[in-house]
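For reference, the chains in residue letters:
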Amino acid sequence: MWKTIKTLSVAALFLFATACDQKSVKNSQGTTQTPTADEPLPVDSGSAGVITYVKFTGAWFTVEIPANFSVTPSLRSATRSEGYDSAVFTSPDGKVQFYIFSPQWSGIATDISLQPGETQTESVKTTENGLVVERWTIKADNAAYFRSYESTSETGGINKIFGIRYTSQEELERYRPVYLHFKNSLQQYAD
(Lines give C-alpha, C1' and ligand atoms only; values in the text may rest on other atoms or scores of the structure.)
Protein backbone atom coordinates (compact mmCIF):
# COMPACT_ATOMS: atom_id res chain seq x y z
CA MET A 1 0.00 0.00 0.00
CA TRP A 2 2.76 2.48 0.96
CA LYS A 3 4.56 1.71 -2.31
CA THR A 4 1.39 2.58 -4.25
CA ILE A 5 0.92 5.82 -2.31
CA LYS A 6 4.56 6.77 -2.75
CA THR A 7 4.35 5.99 -6.49
CA LEU A 8 1.27 8.21 -6.84
CA SER A 9 2.98 11.02 -4.91
CA VAL A 10 6.15 10.84 -6.98
CA ALA A 11 4.09 10.72 -10.18
CA ALA A 12 2.27 13.88 -9.12
CA LEU A 13 5.56 15.67 -8.47
CA PHE A 14 6.80 14.72 -11.94
CA LEU A 15 3.56 16.01 -13.40
CA PHE A 16 4.34 19.41 -11.91
CA ALA A 17 7.84 19.43 -13.31
CA THR A 18 6.99 18.99 -17.15
CA ALA A 19 -9.77 21.58 -1.69
CA CYS A 20 -13.16 22.23 -1.00
CA ASP A 21 -16.88 22.39 -1.25
CA GLN A 22 -18.73 22.40 -4.58
CA LYS A 23 -21.12 25.24 -5.29
CA SER A 24 -22.31 27.14 -8.32
CA VAL A 25 -21.07 30.65 -9.00
CA LYS A 26 -21.11 33.00 -11.92
CA ASN A 27 -17.95 33.06 -13.97
CA SER A 28 -16.51 36.19 -15.55
CA GLN A 29 -18.91 35.89 -18.51
CA GLY A 30 -21.89 35.93 -16.13
CA THR A 31 -22.97 32.34 -16.75
CA THR A 32 -23.60 29.95 -13.88
CA GLN A 33 -21.57 26.77 -13.66
CA THR A 34 -22.89 23.77 -11.74
CA PRO A 35 -21.43 20.29 -11.42
CA THR A 36 -23.23 17.42 -13.13
CA ALA A 37 -22.51 13.85 -12.02
CA ASP A 38 -20.40 11.78 -14.41
CA GLU A 39 -20.43 14.42 -17.15
CA PRO A 40 -17.52 13.90 -19.56
CA LEU A 41 -14.94 16.55 -20.31
CA PRO A 42 -16.62 19.38 -22.23
CA VAL A 43 -16.25 19.29 -26.00
CA ASP A 44 -17.21 21.61 -28.79
CA SER A 45 -20.23 20.28 -30.67
CA GLY A 46 -18.48 20.83 -34.00
CA SER A 47 -15.28 18.87 -33.31
CA ALA A 48 -15.20 15.79 -31.10
CA GLY A 49 -12.39 15.74 -28.56
CA VAL A 50 -11.87 19.51 -28.41
CA ILE A 51 -12.35 20.86 -24.91
CA THR A 52 -14.32 24.07 -24.44
CA TYR A 53 -12.69 26.53 -22.00
CA VAL A 54 -14.02 29.61 -20.24
CA LYS A 55 -12.05 32.32 -18.46
CA PHE A 56 -12.20 32.80 -14.72
CA THR A 57 -11.11 36.21 -13.49
CA GLY A 58 -9.61 36.60 -10.03
CA ALA A 59 -8.55 39.87 -8.43
CA TRP A 60 -5.15 39.87 -10.14
CA PHE A 61 -5.27 37.02 -12.65
CA THR A 62 -7.25 35.10 -15.26
CA VAL A 63 -7.11 31.38 -16.05
CA GLU A 64 -8.92 29.15 -18.50
CA ILE A 65 -10.92 26.22 -17.13
CA PRO A 66 -13.10 23.58 -18.77
CA ALA A 67 -16.58 25.01 -19.29
CA ASN A 68 -18.29 22.32 -17.21
CA PHE A 69 -16.11 22.71 -14.08
CA SER A 70 -17.70 24.36 -11.07
CA VAL A 71 -15.96 27.36 -9.53
CA THR A 72 -15.42 28.03 -5.82
CA PRO A 73 -13.64 31.33 -5.09
CA SER A 74 -11.54 30.83 -1.95
CA LEU A 75 -9.35 33.58 -0.46
CA ARG A 76 -10.56 37.15 -0.88
CA SER A 77 -7.97 39.50 -2.30
CA ALA A 78 -5.69 41.02 0.31
CA THR A 79 -4.99 44.09 -1.85
CA ARG A 80 -8.19 44.73 -3.78
CA SER A 81 -11.72 45.40 -2.54
CA GLU A 82 -13.26 42.98 -5.07
CA GLY A 83 -12.13 39.59 -6.30
CA TYR A 84 -10.20 36.62 -5.03
CA ASP A 85 -6.53 35.67 -4.79
CA SER A 86 -7.35 31.95 -5.01
CA ALA A 87 -10.01 29.64 -6.39
CA VAL A 88 -10.82 25.95 -6.77
CA PHE A 89 -12.25 24.43 -9.96
CA THR A 90 -13.99 21.05 -9.67
CA SER A 91 -14.72 18.50 -12.37
CA PRO A 92 -18.38 17.47 -12.74
CA ASP A 93 -17.73 14.04 -11.22
CA GLY A 94 -15.79 15.56 -8.29
CA LYS A 95 -12.75 13.37 -8.92
CA VAL A 96 -10.39 16.24 -9.81
CA GLN A 97 -9.97 19.82 -8.60
CA PHE A 98 -7.59 22.46 -9.94
CA TYR A 99 -6.31 25.21 -7.63
CA ILE A 100 -4.75 28.62 -8.23
CA PHE A 101 -3.35 31.16 -5.78
CA SER A 102 -2.10 34.27 -7.54
CA PRO A 103 -2.12 37.42 -5.41
CA GLN A 104 -1.00 40.83 -6.61
CA TRP A 105 2.49 40.47 -5.16
CA SER A 106 2.82 37.79 -2.53
CA GLY A 107 0.87 36.08 0.19
CA ILE A 108 0.20 32.91 2.12
CA ALA A 109 -2.26 30.36 0.76
CA THR A 110 -3.93 29.44 4.04
CA ASP A 111 -6.73 27.60 2.20
CA ILE A 112 -4.43 24.68 1.28
CA SER A 113 -2.94 24.05 4.72
CA LEU A 114 -2.56 20.50 5.96
CA GLN A 115 -5.88 19.37 7.49
CA PRO A 116 -6.67 16.76 10.15
CA GLY A 117 -6.72 13.36 8.48
CA GLU A 118 -3.98 14.32 6.00
CA THR A 119 -0.24 13.68 5.78
CA GLN A 120 2.38 15.46 3.69
CA THR A 121 4.25 12.75 1.79
CA GLU A 122 6.68 14.57 -0.49
CA SER A 123 8.41 17.93 -0.57
CA VAL A 124 11.10 19.15 -2.96
CA LYS A 125 12.56 22.66 -3.15
CA THR A 126 14.79 23.78 -6.03
CA THR A 127 15.89 26.91 -7.86
CA GLU A 128 14.97 27.01 -11.54
CA ASN A 129 15.78 29.97 -13.80
CA GLY A 130 16.12 32.28 -10.78
CA LEU A 131 12.80 31.15 -9.25
CA VAL A 132 12.44 29.22 -6.01
CA VAL A 133 10.18 26.27 -6.85
CA GLU A 134 8.63 24.09 -4.16
CA ARG A 135 6.57 20.99 -4.91
CA TRP A 136 4.72 18.93 -2.33
CA THR A 137 2.02 16.28 -2.08
CA ILE A 138 -0.55 15.72 0.65
CA LYS A 139 -2.53 12.49 0.93
CA ALA A 140 -5.69 11.73 2.82
CA ASP A 141 -4.91 9.24 5.57
CA ASN A 142 -7.68 6.99 4.19
CA ALA A 143 -6.14 7.30 0.66
CA ALA A 144 -9.38 8.82 -0.70
CA TYR A 145 -7.47 11.62 -2.46
CA PHE A 146 -4.11 13.30 -3.02
CA ARG A 147 -3.34 17.03 -3.28
CA SER A 148 -0.20 18.11 -5.15
CA TYR A 149 1.05 21.69 -5.33
CA GLU A 150 3.73 23.72 -7.07
CA SER A 151 4.74 27.09 -5.63
CA THR A 152 7.01 29.52 -7.46
CA SER A 153 8.53 32.59 -5.83
CA GLU A 154 10.57 35.36 -7.36
CA THR A 155 13.37 37.18 -5.55
CA GLY A 156 11.13 40.17 -4.81
CA GLY A 157 8.64 37.96 -2.99
CA ILE A 158 6.08 37.59 -5.81
CA ASN A 159 4.58 34.13 -5.63
CA LYS A 160 1.92 31.88 -7.10
CA ILE A 161 0.71 28.35 -6.42
CA PHE A 162 -0.93 25.79 -8.69
CA GLY A 163 -2.49 22.62 -7.36
CA ILE A 164 -4.43 19.54 -8.34
CA ARG A 165 -6.50 17.27 -6.10
CA TYR A 166 -7.21 13.81 -7.54
CA THR A 167 -8.72 10.53 -6.41
CA SER A 168 -6.46 8.16 -8.36
CA GLN A 169 -3.52 7.93 -10.72
CA GLU A 170 -5.99 7.25 -13.55
CA GLU A 171 -7.84 10.51 -12.91
CA LEU A 172 -4.54 12.39 -12.66
CA GLU A 173 -3.48 11.06 -16.06
CA ARG A 174 -6.93 11.64 -17.59
CA TYR A 175 -6.91 15.32 -16.64
CA ARG A 176 -3.19 15.96 -17.15
CA PRO A 177 -3.51 17.77 -20.54
CA VAL A 178 -6.41 19.88 -19.24
CA TYR A 179 -4.46 20.75 -16.08
CA LEU A 180 -1.41 21.77 -18.12
CA HIS A 181 -3.65 24.00 -20.28
CA PHE A 182 -5.05 25.55 -17.08
CA LYS A 183 -1.53 26.25 -15.75
CA ASN A 184 -0.28 27.66 -19.05
CA SER A 185 -3.30 29.95 -19.43
CA LEU A 186 -2.46 32.04 -16.34
CA GLN A 187 -2.35 35.78 -17.01
CA GLN A 188 -1.18 37.82 -14.00
CA TYR A 189 -1.83 41.52 -13.55
CA ALA A 190 0.01 44.17 -11.57
CA ASP A 191 -1.15 47.61 -10.48
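This write-up is about the structure you can find in this document.

On to the nonpolar core, then. In a soluble, globular protein the nonpolar side chains are often hidden away together inside. Judged by nonpolar contacts, the single largest core of 22 residues is most densely connected at Val63, Ile65, Phe89, Phe98, Ile100 and Phe182. Of all the elements in the fold, those that place two or more residues in this core are strand 3 (53-57), strand 4 (61-66), strand 6 (86-90), strand 7 (96-101), strand 11 (159-166) and helix 2 (169-184). Ranked by residues supplied to this core, first place goes to helix 2 with 5 residues. Apart from residues no more than four positions distant in its own chain, Val63 is found in contact with Val54, Lys55, Phe56, Phe89, Ile100, Phe182, Ser185 and Leu186. Among the nonpolar cores identified, the runner-up in size contains 10 residues, and Val88, Ala109, Ile112 and Ile161 belong to it.

With 5 of 5 residues buried, strand 6 lies mostly within the body of the structure. Neither face of strand 6 is left uncovered, since the one carrying Ser86, Val88 and Thr90 and the one carrying Ala87 and Phe89 both have all their residues buried. Two strands pair when backbone bridges link them, and strand 5 (residues 70-73) and strand 6 are joined in this way by 4 bridges, in the antiparallel orientation. By the bridge assignment, Thr72 is partnered in strand 6 with Val88. Here 5 bridges tie strand 6 to strand 7, and the two strands are oriented antiparallel to one another.

The subject of this paragraph is the sheet that holds strand 7. Across the sheet, 7 strands lie side by side as 5-6-7-11-10-9-8; this open sheet has antiparallel pairing. Edge positions in the sheet fall to strand 5 and strand 8 (118-128), since each has one partner strand and no second. Within this sheet the neighbouring strands show an average axis-to-axis angle of 15°, counted without direction. Bridging between strand 9 (residues 131-140) and strand 10 (residues 146-153) involves 8 bridges; their strand directions are antiparallel. In the sheet register, Val132 faces strand 10, and the bridge partner there is Ser153.

With that settled, the discussion passes to the pattern of salt bridges. The full count for this structure, using the stated rule, is 6 salt bridges. Among the salt bridges present, the one from Arg135 reaches Glu128, with a minimum N-O distance of 3.1 Å. Taken together, the shared-partner salt bridges connect Glu128, Arg135, Glu150 and Lys183 into one network.

What follows covers the sheet that holds strand 12 (residues 187-188). Across the sheet, which stays open at both edges, the 3 strands sit in the order 3-4-12 with antiparallel pairing between neighbours. Looking at which strands have only one partner, the edges of the open sheet turn out to be strand 3 and strand 12. The pairing of strand 4 with strand 12 spans 2 bridges and is classified as antiparallel. Its bridge partner being in strand 12, Phe61 is matched across the sheet by Gln188. Sitting on the sheet, helix 2 touches strand 3 and strand 4, and the angle it makes with strand 4 is about 160°.

Procedures and definitions
- Residues numbered from 1 in each chain as written.
- Predicted model: local features only at pLDDT ≥ 70, side-chain atom pairs only at ≥ 80, totals over all residues.
- Heavy atoms only, no water.
- Core = buried A, V, L, I, M, F, W, Y, C linked by side-chain atoms within 4.5 Å.
- Buried < 20%, exposed > 50% of the residue type's maximum accessible area, 1.4 Å probe, protein only.
- Helix = DSSP H or I, 4+ residues; strand = E, 2+ residues; numbered from the N terminus.
- Contact = heavy atoms within 4.5 Å.
- Pairing = 2+ DSSP bridges.
- Axes fitted to C-alpha atoms, helices over the stretch in contact; angles between N-to-C directions.
- Salt bridge = Lys/Arg side-chain N within 4 Å of Asp/Glu carboxyl O.

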